[in-house]
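Below are the chains, spelled out letter by letter.
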Amino acid sequence: LDKAEDEKKVLEQTLADLEKSIEDAKESIATLTEEIAALTSGIQALDKSVAEATETRKAENAEYQETMAADKAAKELIGVAKNRLNKFYNPKMFKEAPKRELSAQDRIFVGQGGTPPPTEAPGGISGTGITYLQAAPVLAQVSAHRALDGEQVAPPPAPETWDAYAKKGQESNGVMAM
């Protein structure tokens, strides 16, 4: 009988231990479920922020590409302007536009007395051949001089200067140095 009571106590203790471990397992399952839900919402938030960052980068890249194209067109236009200024102020530095080369067929045709095909007019900014496509309007500085209501006002007299004008000699950096 004592032996049966001892076995009963051992079995009851084992049962209590198993019930406690079941409760601990249920608590850990609940905790892990909450952590999984938190991690899932964190991943979704991260995916959303990555998508927003990707859109931002795409927009910034498009703006960068447009800016670089505008910068390139501006540099080419400045080069054309410098060349035109050189034509007047420093003819030695002026670079002529390249001559058009005819294809083999056109050379044969012209050699037999035909007329060469017409050259295409240069397009782009002010007929320079420099192209820059943009959707926004181009900033252009335009000055218009007109008399208001038919009244014309004479300009004020020139300010006093130091000395009379004297030529400096062979220095030709004036306009080109700007």
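Every chain's residues receive numbers from 1 upward, in the order its sequence appears when written. Note on the predicted model: pLDDT of at least 70 is required for a residue's local features to be given, and 80 or more for side-chain atom pairs to be given and counted; whole-chain, interface and lining totals, by contrast, use all residues. Excluding hydrogens and water, the side-chain values take into account all heavy atoms of the structure.

1. So, the overall build of the chain
Reasoning step 1: For the purposes of this entry, the term helix denotes a DSSP run of H or I that reaches at least four residues, the term strand denotes a run of E that reaches at least two, and both are numbered from the N terminus. A count of helices and strands for the chain gives three helices and zero strands.
Reasoning step 2: Reading the chain from its N terminus to its C terminus gives the helix and strand order α-α-α.
Reasoning step 3: The rule is simple: take the accessible area with a 1.4 Å probe, protein chains only, and divide by the maximum for that residue type; under 20% is buried, over 50% is exposed, in between is partly exposed. A buried classification covers 3% of the 178 residues belonging to the chain.
Reasoning step 4: The long-range fraction of contacts in the chain, counting pairs at least 24 apart against all pairs at least 6 apart in sequence, stands at 52%. Here, residues are in contact when the closest pair of their heavy atoms is within 4.5 Å.

2. Overview of a nonpolar patch on the surface
Reasoning step 1: Patch membership is restricted to residues that have no salt bridge and whose relative accessible area is over 30%. Joining uses 9 Å for like charges and 5 Å for the nonpolar side chains Val, Leu, Ile, Met, Phe, Trp and Tyr. For the accessible areas, the method is Shrake-Rupley and the probe is 1.4 Å, while residue cover comes only from the protein chains on display. By salt bridge we mean one thing: a side-chain nitrogen of Lys or Arg within 4 Å of a carboxyl oxygen of Asp or Glu. On the surface, a nonpolar cluster with roughly 320 Å² of combined accessible area is contributed by Leu85, Phe88 and Tyr89.
Reasoning step 2: Mapped onto the fold, leucine 85 is located in helix α1 (residues 2–89).

3. Some remarks on α1
Reasoning step 1: Expected helix span is given by 1.5 Å per residue-to-residue step, counting one fewer step than there are residues. A rise of 1.5 Å per residue sets the reference length of α1, with its 88 residues, at 130 Å; its end C-alpha atoms lie 125 Å apart and thus fit the reference within 8%.
Reasoning step 2: Regarding α1, the residues found buried are Ala73, Asn83 and Asn86.

4. Observations regarding the confidence of the model for the chain
Reasoning step 1: Overall, the predicted model of the chain reaches an average pLDDT of 80, with 73% of residues at or above 70.
Reasoning step 2: The predictor attaches a confidence to each residue, and that confidence, scored 0 to 100, is pLDDT. Here helix α3 (residues 174–177) is the element of the chain with the lowest mean pLDDT, 62, and α1 is the one with the highest, 92.
Reasoning step 3: Note that pLDDT drops below 50 for residues 140–148; the model gives that stretch one contact with residues more than four away or on any other chain.

5. A short note on a negative patch on the surface
Reasoning step 1: The charged-residue count follows a simple rule in which Lys and Arg add positive charge and Asp and Glu add negative charge, with His and chain termini not counted at all. Where a charge lies is defined by one atom per residue type, namely NZ (Lys), CZ (Arg), CG (Asp) and CD (Glu). A surface patch of negative charge is lined by Asp2, Glu5, Asp6 and Glu7.
Reasoning step 2: Relative to the elements of secondary structure, glutamate 7 occurs in helix α1.
Reasoning step 3: Looking at glutamate 7, the relative accessible area reads 46%, which means it is partly exposed.

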